[in-house]
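Structural description and commentary
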Amino acid sequence: MKRTLSSYLRVLLVLLFCFVAFGAMAQNRSVTGTIVSSEDGLPLPGVSIREKGTTNGTTTGANGEYRLTVASAESVIVYTFVGFVTQEVTVGNQSTINLTLMTDVSELGEVVVIGYGTQEQKDLTSSIATVNADELTKTPAAQPMQALQGKVPGVQIVSAGAPGASPTVRVRGVGSLESNSAPLYVVDGMFFDNIDFLNSSDIETVSVLKDASASAIYGVRASNGVILITTKSGDYNQAPQIVYDGYYGTQVAQNVMKMANTEQFVNYALATGSAADASFIDNAFQRYGRSHINPNVPDVNTDWYNEVLQTAPIQNHSISVNGGNDATRYAVGLNYFDQQGLLKGTRNDYERINLRTKLDFDVSEKLTMGVNLNLSNSNQYVAENSVWFKSYFAVPIIPVYDDQNTAATPNQYSNAQQLGYRGSQNPFYDLEYNDNRNQATKILANVYLEYDLIPQMLSFKTAYNYSYSNVVSRNVDFAYHDGVTNVLSALRRSSGNNSNQIWDNYLTFNKDFDLHHLTAVAGYSFRSETSEGVFVRGTELEPDPTKGQDELWYLNGSQIDIGGSGDYGSAFYGSSYFGRLAYNYDDRYLLYGTFRRDGTNRFQQKWGNFFTVGAGWVLSEEEFFNVSNVDLLKFRGGWGQLGNSGVSAAVGAPTIDPRFVAIDDTRTPGNVLIPTFDIVDRWETTEELNIGLSSLMFNERLSIEADYFVRDTKNAAVTIILPLIRSNVRRSAGEIRNSGFEFAANWSDFINNELSYRIGGNFATLNNEVLSLGGPQYLNAGSAEFRQRSIIGSPIQAFYGYETDGIFQSQDDIDNSGYTNEFINNSGIEPGDFRYKDQNGDGVIDDNDRVVLGSYLPDLTYGFNIGLSWKNFDFSADFQGQVGHSILNRKRGEIIFTQDTNIDADLATNLWTGEGTSNKYPSAAGLRKGWNQSMSDYFVEDGSYFRIQNVRLSYTLNEGQLFTDMPETRFTFTAERPLTVFDYNGFNPEVANGIDRQTYPIPAIYTLGINLKF
């Protein structure tokens, strides 16, 4: 399929070149000139100069000079340059046209997409961040949201390394114990939980609605913030423009963990004092012989990560055609994306094809209509997570293949059980004998009609949005023998679909009354979301499927596993009334408010009312304000409420349970009242206060945005323990607070007529705190061995355990520890064991000494960027990181459950071996003692990191620069995540929920790309 598509792309490119050459028209008038800036009189290089209504154009050179041949004296030339007012000039009998472009106070008048409409940047009272298309296409990734990492303060992006996997996105923290923290995505009016079907180059803008006053107009789906996405459209009166954009690159696993090699492992295993471990090593001597380099270790030294990892290609190709005439504009695009996986020996890749079309028609002077269609089809092959688990734990004293394991079929992989270990450990069994595929088809379609009831004043818009997705999953387990156990074949198939529709109808009123400007929106929305699916599992397939025989991967003749089969479904309906009012007086005083009344069939409380208000004061517009170099200074604030319907509803009642008891040896029936039942009859409610400042200075060279917010989630669904009864029930009784400060600043300027630069930075703080749990002081989460706890006054689901205070170096240290002698004797504490802090000083270590050890939510996220443009070269570099989040190194903690495995090299080489050798890690024998395996800060590590996020260098050949019909061509080299600096003992410091049991590595990606504009 890939070869066929590549061939099609090559043929299509040749045809496009031929089309452009054939369509070239004879030119009969030449125009030259120089373009300078009104601000300083300096020449402007790179000004776009185009004959209106055609593809004929050029750009100014280093000295602001240009030459353009046009069709006739009636031709109109359009001069465009970022930051300056666009000018149009009719050629007439002029052969020289020199222009001075006026500075455009563009950011003040920039239009921002908001809920059910747009608003000028200068009129905003909410916290809204906008990211343009150029920033999105910098990042080679399957999911567009990955490109926002480090670019928007208050938005945390946690990367995912697996092909096609979506990153975790959090806007201003986490406010719910039950629902996920994902924002609502609104793509051209349609609601989505993720946007894995979108191609980055199809997106025009992304607006992040961070605070309640901005996002509340979307109701009960918007409590975690809203990501508004507008896809690209053509332009009216634009000649067809064909654009090819593509790249090809390679992915490299970075920061690969070093595991103990054979020598380190043998030393560790023998140091534990375990007779069983010593016998396993003796068995390895017998089976594989002694190393010629070090005869004290077996003649095998397997680096399992090196064995399972590979470099992998990634590629993306897009072709689009945009244009329009007086009454119509259109955009059509085709995209192919392919990302191979980092694992050898198994299919772990992602392939997607997208087709998009967007049409807008001016049916009459008053009526406009449009249709939008996005089709996506993808195949995702998912590797078994156990591969990473086994690669970490597999001992290095067994090889990948073992010729002596003759009973193993069809491949003679080694099996650690044959040395005495409990499991096979070899990850190649999971690589070779599984095939997991998710095949997804997704459709987004919408149609709208907009009618001007009163031109330039009152309009009505109706929009119908429909999305459909179908995911067919197939998980095959092939039959094999590992030399000890015969593993039977199995197959699980499932098919699920989601069908969602939204019908919006609303009026928009715009009117200026002298110095007053009023915008009002009022509307009604209906939505339905239905899903259903079936799944079935079979074992002992007949005949057994094999890797090369896809035709056998069906359940014909298998034993159906009734417990692994079933179906499911759900239906959600809702209707809403919404309104927005925006008032502007003399561009100085701003008022803003929204209202939404949401109805739903999900909860017993059917209706909810959500209000927001906002206000702004543009101080720079006041007559008394006379501060030089300040173009805009605006103070703004907002307050609002919105709902979260993402929690499971449950409205119960006391029940009567029939029971039988023995009375005088007689079986007597009776009834028992069960008074415990769940009551979650309403959505969670988010209430937020946002205070901010916006400023533009030095002729808009410098922009500043700053916000402080307090975001409270009330009626949070929590599980509490009823007093006396001691039974767990769910109630809408919790309250969680997220608060923080966000800041962003950007500067751009010209050094001379050939060199410009830009620099920007942002940071955001976050304080997450549980305010109430409906009575209890804490709520447990996680497992009993690795406890997490939500405590009032602490972060949600914080890691909870003992705080270590070094390693006991001697018996004197133990005797002088402050622990009681009885406790020391009962605990069996020895030199080389952890010293735990006695928090309450009672001489014993117990539950009363456990404390909060950290949170998976960062205290600080930050990002900064630099950019340089010199002649036809453009360079940019993005950096980002975060501070103050913790990771539970669950990999190391697995020793609680199984002890005959490998350990990482850092641990193996730094274990305590005697007084003064280590004050961080216990002894080898101590690792296997229950005392040292208690949940403590030994397992909880600092996840702070700094990353070079993206480095990009591009060179542009202007249209016709090398030959007459040459299209504008840009060559690009991109390095994505080339360097990450951190101290955490793992592949990467990005773990979505903070628990690292094994995660897919996040690769560095290096690509070469080309962009052609015809």
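Residues numbered from 1 in each chain as written. Predicted model: local features only at pLDDT ≥ 70, side-chain atom pairs only at ≥ 80, totals over all residues. Heavy atoms only, no water.

1. A few points about the overall build of the protein chain
The secondary structure content of the protein chain amounts to 14 helices and 53 strands. Over its C-alpha atoms the protein chain spans a radius of gyration of 32 Å, differing by no more than 12% from the 31 Å that the globule rule assigns to 1014 residues. The dimensions of the protein chain, computed from C-alpha atoms along their principal axes, are 105 × 75 × 65 Å. Looking at the protein chain residue by residue over its 1014 residues, the buried ones come to 52%. (Helix = DSSP H or I, 4+ residues; strand = E, 2+ residues; numbered from the N terminus. Rg over C-alpha atoms; globule rule 2.2 N^0.38 Å. Buried < 20%, exposed > 50% of the residue type's maximum accessible area, 1.4 Å probe, protein only.)

2. Concerning the confidence of the model for the protein chain
For the protein chain, per-residue confidence averages 88 on the pLDDT scale, and residues scoring 70 or more make up 93% of the total. Note on residues 1-27: pLDDT is under 50 here. Beyond four places in sequence and across chains, it has 27 contacts. (pLDDT = per-residue confidence, 0-100. Contact = heavy atoms within 4.5 Å.)

3. What to know about the pairing of strand β37 (residues 702-721)
Burial of β37 is extensive: 14 of the 20 residues sit out of reach of the surface. As paired elements, strand β36 (residues 684-697) and β37 share 13 bridges and run antiparallel to each other. The residue of β37 that forms the bridge with L689 is V710. Between β36 and β37, which pair antiparallel in sequence order, lie four residues; one of them, F698, sits at a positive phi of approximately 55°. In this structure, β37 lies alongside strand β38 (residues 728-750), joined through 18 bridges in antiparallel fashion. Across the sheet, the residue bridging to V718 is R731, located in β38. (Pairing = 2+ DSSP bridges.)

4. Brief notes about the packing of helix α5 (residues 262-271) against helix α6 (residues 275-288)
The axes of two packed helices give the description: the angle between them and the distance between them. One way to put it is that α5 packs onto α6 with a least axis distance of 8 Å and a crossing angle of 145°. Where α5 approaches α6, its residues V266, A269 and L270 are matched on the opposing element by D277, A278 and I281. Grouping the amino acids of the contact of α5 with α6 by side-chain chemistry returns five nonpolar, no polar and one charged. (Axes fitted to C-alpha atoms, helices over the stretch in contact; angles between N-to-C directions. Nonpolar A, V, L, I, M, F, W, Y, C, P; charged D, E, K, R; others polar.)

5. Quick notes on unusual backbone geometry
That bond from T409 to P410 is cis: its omega, 0°, falls within 30 degrees of zero. Inspection of the secondary structure assignment puts P410 in the loop between α8 (386-393) and α9 (428-432). Of note, the amide linkage connecting E542 to P543 takes the cis form, showing an omega dihedral of 0°. By the element assignment, P543 lies in the loop between β27 (516-539) and β28 (559-585). Not every positive phi belongs to a glycine, and D188 is a case in point at roughly 50°. In this structure, D188 sits in the loop between β13 (184-187) and β14 (190-192). The phi torsion at E540 lies on the positive side, around 50°, for a residue other than glycine. Turning to its location among the elements, E540 is positioned in the loop between β27 and β28.

6. So, the side chain of S886
As for its placement among the helices and strands, S886 is situated in strand β49 (residues 886-888). Look at S886 and you get buried, because its relative accessible area is 11%. With near-sequence residues (within four places) excluded, S886 lies in contact with F799, L853, G854, S855, Y856, V940, E941, G943 and G994.

7. Concerning a nonpolar patch on the surface
A surface patch of nonpolar side chains, about 800 Å² in accessible area, is lined by I759, I866, L868, W870, F873, F875, L953, F973 and L1008. Elements represented by at least two residues in the nonpolar patch include exactly β47 (860-870) and β48 (873-883). With three residues, β47 is the single largest residue contributor to the nonpolar patch. We classify I866 as partly exposed; its relative accessible area is 36%. (Patch = residues over 30% accessible without salt bridge, like charges linked within 9 Å, V, L, I, M, F, W, Y side chains within 5 Å. Areas by Shrake-Rupley, 256 points an atom, 1.4 Å probe, with all protein chains shown as cover. Salt bridge = Lys/Arg side-chain N within 4 Å of Asp/Glu carboxyl O.)

8. Quick look at the sheet that holds strand β7 (residues 99-101)
Read across the open sheet, the three strands follow the order β4-β1-β7; overall the sheet is mixed. Pairing within the sheet leaves two strands with one partner each, and these edge strands are β4 (65-70) and β7. This sheet shows a mean twist of 35° between the axes of neighbouring strands, independent of strand direction. The sheet contact formed by strand β1 (residues 29-37) and β7 spans three bridges and is parallel. Following the sheet pairing, V36 is matched in β7 by T100.

9. Description of the packing of aromatic side chains
For the structure shown, the criterion picks out 49 aromatic pairs. Ring plane angle 50° and centroid distance 4.5 Å describe the contact between F280 and Y421, whose orientation is recorded as tilted. Here F280 is found in helix α6, whereas its partner Y421 is found in the loop between α8 and α9, with 141 residues between them in sequence. A relative accessible area of 3% places Y421 in the buried class. With a centroid separation of 5.3 Å and 40° between ring planes, the pair formed by Y802 and Y836 is classed as tilted. With a gap of 34 residues between them, Y802 in the loop between β43 (798-801) and β44 (804-807) and Y836 in strand β45 (residues 834-836) connect regions that are remote in the sequence. (Phe/Tyr/Trp six-rings, centres within 6.5 Å; stacked < 30°, edge-to-face > 60°.)

10. Brief notes about the nonpolar core
Here is a general trend for soluble globular proteins: nonpolar side chains tend to be buried in one another's company. The biggest cluster of nonpolar side chains holds 95 residues, and the ones touching the most others in it are F265, I397 and Y819. Of the residues forming this core, the biggest block, five residues, is contributed by α6. Once you skip the residues sitting within four places of it in the chain, I397 turns out to touch T262, F265, V266, I281, A284, Y288, P298, V300, L419 and Y421. One finds V131, V171, A222 and A582 within the second-largest nonpolar core, a separate group that totals 48 residues. (Core = buried A, V, L, I, M, F, W, Y, C linked by side-chain atoms within 4.5 Å.)

11. Quick notes on α6
The end-to-end C-alpha separation of α6 is 20 Å, in line with the 20 Å expected for 14 residues at 1.5 Å each. Residues D277, F280, I281, A284, F285, R287 and Y288 constitute the buried set of α6. (Expected span 1.5 Å × (residues − 1).)

12. Details of the sheet that holds strand β15 (residues 203-209)
Spatial strand order, β10-β15-β16-β13-β14: five strands in an open sheet with mixed pairing. Of all the strands in the sheet, just β10 (128-132) and β14 have a single pairing partner and so form its edges. When strand polarity is set aside, the average angle formed by the axes of neighbouring strands in this sheet is 20°. Of the pairings in the sheet, the one linking β10 to β15 comprises five bridges and is antiparallel in character. By the bridge assignment, A129 is partnered in β15 with V208.

13. Some points on the environment of T713
Structurally, the position occupied by T713 is in strand β37. Separated by 585 residues in sequence, T713 and I128 place their C-alpha atoms 20 Å apart. Side-chain polar atoms of T713 contact the backbone oxygen of G175, separated by 3.2 Å. (Polar contact = N/O pair within 3.5 Å; in protein donor to acceptor, adjacent residues only side chain to side chain.)

14. Remarks on the pairing of strand β31 (residues 630-644)
Most of β31 sits out of view: 12 of its 15 residues are buried. Across seven bridges, the pairing between strand β30 (residues 607-618) and β31 is antiparallel. The residue of β31 that forms the bridge with V618 is K634.

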